[in-house]
Amino acid sequence: MSASPLSARGLCKTFRADGRAITALSDLTLTLTPGVVTGLIGPDGAGKTTFMRLAAGLLVPDAGSATVLGLDVARDPLAVQSSIGYMPQRFGLYEDLSVNENLDLYADLQGVPCAARPARYDELMAMTGLAPFRDRLAGRLSGGMKQKLGLACTLVNPPRLLLLDEPTVGVDPVSRRELWAIVYRLVSEQAMSVLLSTAYLDEAERCAEVILLHQGQVVAHGPPGQFSAPLTGRTFRVTGAPTRRRRLQATLARQPGVLDAVLQGESVRVVMAPGQRPDCTALSQTLGEPVRGDAVPPRFEDGFVTLLQGERREIPIPQVRVTPSFRGDAILVRDLSRRFGQFLAVQRVSFAVRPGEVFGLLGANGAGKTTTFRMLCGLLPPSSGEVRVAGVDLRHAAARARGRIGYMSQRFSLYANLSARQNLSFFARAYGLTGARAAARLDWALDAFDLQDLAGMESGALPLGYQQRLAMAAALMHEPDILFLDEPTSGVDPLARREFWTRINALAEGGVTVLVTTHFMEEAEYCDRLAIMAAGEILAIGTPSEIKAQAPRPDGEPESEMTMETAFIALIQARDQPE
Amino acid sequence: MKTMQPNRRLLGLLRKESLQILRDPSSIAIAFVLPAVLLLLFGYGVSLDSKGVPVGFVVMQPGAEAASFVGAFQHSTYFAPRVYRTRQAGREALRAREVTGLVVLSADFAQRLKADREAPIQVLVNGVDANSARLLEGYVQGVWAVWLQRELTARQIAIATPVAVQARIWFNPELRSRNYLVPGLLVVNMTLVGALLTAMVFAREWERGTLEALLVTPVTVNEILIGKILPYFVLGMGGMVLSVAMAVFQFGVPLRGSLWVLAVCATLFLLAALGMGLLISIVTRNQFVAGMIAILAAFLPAFLLSGFLFDIGSMPAVVGVITHIVAARYFVTIVQTLFLAGDVWAVILPNAAALALMATFFLGLSRRLLRKRIE
């Protein structure tokens, strides 16, 4: 049977947790095209991981069947497992084994004959660039290298079907690009079929075919162009005064016929309902500045968002008005350094953030972002240099500065077994709010972050998007001047990310200063200014357009085509290989 | 399609596990260093015997008889007597815990000995440490009885003791507590490796996601289980050899039974402990919880309910019944018998059968519960 490498017919799967039934897949039917990369996308909880696990024989369906390479998975899991490669979201490398020993283990388990090993290992090591590190313990590899080793282990016995579950989560853009190059080679040279789930829409756009899952069902399946094609003639770039772009975006988002409006550089990108154009004349009048709208080709992301949104949902916007309690810069960093033993994690970093600005901190894993962040929040004392936050010198009055800042950490840091309401009132009390004021803030938080309907539920059981909103609300209970967000959107699906940024924009409009770290390059476009870090130093600083202008241009690429990601990679590569 | 012998996969798993054990300092520490430390601690430090116990004597009327009586205690290695002249001084010393007990010889001690052929004494013991108190009481009475008999015989007075008890102690004639503590420790040590270490190591595979990657390879459940059991079995047996060697050569505990019987019984016990460790980790899938459960369900019972420290016969009936589900109990009985008495089949066979039953139960249940699924 030279049929599809993977097909599913009427797959259903329900999980029980805390007495509630959660439907992960309901009557899912699909057929994968052989010999290409298929992207699997969808919001959190759409059933992507469940489907991968069913295909790999790790779960048994409640109803329906999955067929892999002509074999029924539920009936013959061992045979399926010896002809596929599956890389789970967190590939479990044995950290106390070396690169070679990890390969040996999987070669033994997959039954690769000893004679065939040296050639196969050499090939995999060359492909992943791990050849110089074959004797290094896996635990000592960087995040990107670990991911590549995981992929090499999965590939040790060349599989006919490769299942990759979010292989690029938490991996920096440079390593991400390398992983993709490997996957393309496998498909073109070995005719492998690949199913890859991802939260990055630019990655989905590079796949030959894309499957969009939503609530356990296939919403759309086809080449990425098919997703954006219906939007031709409906996407525009609207440009006003560069410094007021946030207000322009908020106004556009409220205009009738606008399905989606996001910041891109100094303009706003909008998707219109069929047959409509943004009304620039009206905009010019309301805003009192010239506004221009140009038609642009639709992107994959536009298709994704409009497909999932259906009709537009009104997102409650937090209303804030902060009058800064300080004069001058919100954050001022001068010659900041931090040393851990012999290792300089941050070296002589200087930058300033103005009040009401959204400032981004970008960098590869280990670039010193988190260390800088912690010093700014007063969680880690600097080795040398000056830090002023909200006009207060952190070396002398860290506690006073902390009263003026809100902090949302990378991981969910609320009490999972308290309800949303209990968590919020705890944080209100922790910040010293009492009585009527605490009650007023609680109501504000529940309304502004759309938490009312689930306020009584245990926070740990809330969907990821809710948890993230709750964490942000908790950080804002005491009306801080400055909000610190450490990778707030890591692992969050594209729709929730958009909602999240709508709120950040509203906060910034209300005068709150926001400092944010992120791995998503399109989010860098939403920042007013940003700094790119590598090896503890700042490589470039400025507005998104200034950063792109600073980056060395790859051969033959016109500047207008440059994305934040290419700029980022070019900057890092220029630093690593100075001419 | 199987192009390879299945044992190739098992060999791969075994090699991986061995490398991990060798590189993880904590597993070596739990298997060898901790047992050695426990053995040294119990062998040298902890003793349930009374030696050089400070005992106060209140002698109100010094004389030849009183001196002879106190002298009887001075000759014993068990006591370190101190003499006080008044009841008051003696009581102060007892209260200040300078002495653990007080023997009061009244002013008419010598007179009553001569006249009534008896020499009543009062014994006051500090009951805070109930165990030592009871021991001390018994020792003092024993010394007193022996001394009285000797005194009266010397004066050629017959005493009115109708029955003469001649006590002989078998198997451990010197009543050295080390002789039964050190073999018992073997059991505790093997529980550490078998249940605690194994439960934590396997739970770690769930936590780190290494098991998910393993499960999608063509490996079978049996291969995963054997790949885990065998290396830790070798580690546990290594620890046991070390413990036996230390017991015999370092502490001079006699080993009267046969080595092969010890090896067979140790195998059964270790399999039961490993099975329990695996079961705990399969159910919990979490290192912290697995560790706590292993300590509560295996390690502490091995200490407290196995008869290693506390005699099962003198436990309350309910607790005595509970000890029957503690594998360590059977092995402690076997080990103490093998070391001190020899190959007493009437003891070894039923206890070994119980161990075999428990090993089968735990391993069988682990095999049933471990699936190549992640639900």
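For every chain, the first residue of its written sequence is number 1, and the numbers climb from 1 along that sequence. Following the order in which they are written, the chains are lettered starting with A and the ligands numbered starting with 1. Since the coordinates come from a predicted model, pLDDT governs what is reported: local features require at least 70, and pairs of side-chain atoms require 80 or more to be given and counted, while whole-chain, interface and lining totals use all residues.

Attention shifts here to the overall build of chain B. A tally of regular secondary structure across chain B gives 14 helices and 4 strands. We take the radius of gyration over the C-alpha atoms and set the globule estimate at 2.2 Å times the residue count to the 0.38 power. Its C-alpha atoms give chain B a radius of gyration of 28 Å, more than 25% over the compact-globule value 21 Å for 375 residues. Counting other C-beta atoms within 10 Å of each residue's C-beta, where C-beta atoms are placed from the backbone, gives the exposure class: buried for 20 or more, exposed for 12 or fewer, partly exposed between. Buried positions account for 37% of the 375 residues belonging to chain B. Long-range pairs, those at least 24 residues apart, make up 80% of the contacts in chain B between residues at least 6 apart in sequence. Starting at the N terminus, helices and strands are each numbered in turn, a helix being any DSSP run of H or I of at least four residues and a strand any DSSP run of E of at least two. Working definition of a contact: two residues with C-beta atoms, positioned from the backbone, lying within 7 Å.

Right, let's get into the interface of chain A and chain B. Every contact between the two is made by 26 residues of chain A and, on the other side, 26 residues of chain B. Of all elements in the fold, only helix H2 (77–81) and helix H3 (99–110) of chain A reach the threshold of two or more residues within the side of chain A that touches chain B. Considering every element that reaches the side of chain A that touches chain B, the biggest residue donor is H3(A), with 7 residues. Residue polarity follows a fixed list, in which Ala, Val, Leu, Ile, Met, Phe, Trp, Tyr, Cys and Pro are nonpolar, Asp, Glu, Lys and Arg are charged, and the others, Gly among them, are polar. For the side of chain A that touches chain B, the residue count by class is 14 nonpolar, 6 polar and 6 charged.

Residues and elements named next belong to chain A. Think of it this way: DSSP has to see at least two bridges between two strands before they count as a pair. Taken in spatial order, the 4 strands of this open sheet run E12-E13-E11-E14, and their pairing is antiparallel. Each edge of the sheet is formed by a strand with only one pairing partner; in this case those strands are strand E12 (258–264) and strand E14 (292–295). When strand polarity is set aside, the average angle formed by the axes of neighbouring strands in this sheet is 25°. Only C-alpha atoms enter the line fits that serve as axes; for helices the fit covers just the stretch in contact. Angles between N-to-C directions range over 0 to 180 degrees.

All names here are of chain B. With 6 of 7 residues buried, strand E1 (residues 53–59) is to be regarded as a mostly interior element. As judged from the 6 bridges shared by E1 and strand E2 (residues 79–84), these two strands associate in the parallel manner. Residue Val 55 lies in a different strand from E2, and its bridge partner there is Pro 81.

By domain assignment, chain B separates into domain 1 (25–46 + 177–369) and domain 2 (53–154). Domain start and stop positions are those given by an automatic or database domain assignment. The distance between the C-alpha centroids of domain 1 of chain B and domain 2 of chain B comes to 46 Å.

On to the domain arrangement of chain A, then. All names here are of chain A. Looking at chain A, the domain boundaries give domain 1 (6–222), domain 2 (228–309) and domain 3 (355–370 + 401–576). Taking only C-alpha atoms into account, the centre of domain 1 sits 30 Å from that of domain 3. Of the residues lining the interface, 15 residues belong to domain 1; the matching set on domain 3 comes to 20 residues. Listing elements by their share of the side of domain 1 that touches domain 3, those giving two or more residues are helix H5 (143–154) and helix H6 (173–190). In terms of residue count, the dominant contributor to the side of domain 1 that touches domain 3 is H6 (3 residues). Partitioned by chemical class, the residues of the side of domain 1 that touches domain 3 number 6 nonpolar, 5 polar and 4 charged.

Attention now moves to the environment of B:Met190. Residue and element names in this part refer to chain B. With respect to the helices and strands, the residue Met 190 is situated in helix H7 (residues 178–208). Between the C-alpha atoms of Met 190 and Phe 233, which are 43 residues apart in sequence, the distance is 9.6 Å. For Met 190, the residues in contact, after removing those within four places along its chain, are Gly 236, Gly 239, Met 240, Ala 266, Phe 269, Leu 270 and Ala 273.

As a further point, take the UniProt feature "transmembrane region" (unreviewed entry) in chain B. All names here are of chain B. UniProt positions are given in the numbering used here, feature names are shortened, and annotations may be inferred rather than shown by experiment. When the UniProt feature table is mapped to this numbering, "transmembrane region" (unreviewed entry) covers residues 21–46, 66–84, 180–203, 229–252, 259–282, 288–310, 317–339 and 345–365. When the span residues 288–310 is considered, its composition is 74% helix and 0% strand, and the gap between its end C-alpha atoms is 29 Å. Within the segment residues 317–339, helix and strand shares are 83% and 0% respectively, and the terminal C-alpha atoms sit 28 Å apart.

Residues and elements named next belong to chain A. Of all 8 residues in helix H1 (residues 48–55), 7 are buried; the element is thus mostly enclosed. Within H1, burial applies to Lys 48, Thr 50, Phe 51, Met 52, Arg 53, Leu 54 and Ala 55. Among the residues trailing H1, Gly 57 stands out with phi positive, at a value near 80°.

To continue, consider the sheet that holds strand E9 (residues 209–214) of chain A. Residue and element names in this part refer to chain A. Taken in spatial order, the 6 strands of this open sheet run E6-E7-E8-E3-E9-E10, and their pairing is mixed. Two strands in the sheet have a free side with no partner beyond their single neighbour: strand E6 (84–87) and strand E10 (217–222). Mean inter-strand twist for the sheet, computed between neighbouring axes without regard to direction, equals 15°. Sheet strands touched by H1: strand E3 (37–41), strand E7 (161–165), strand E8 (193–197) and E9. Its angle to E7, the strand with the most contacts, is close to 150°. The strands touched by helix H11 (residues 300–309) within the sheet are E3, E9 and E10, with E9 carrying the most contacts at an inclination of about 30°.

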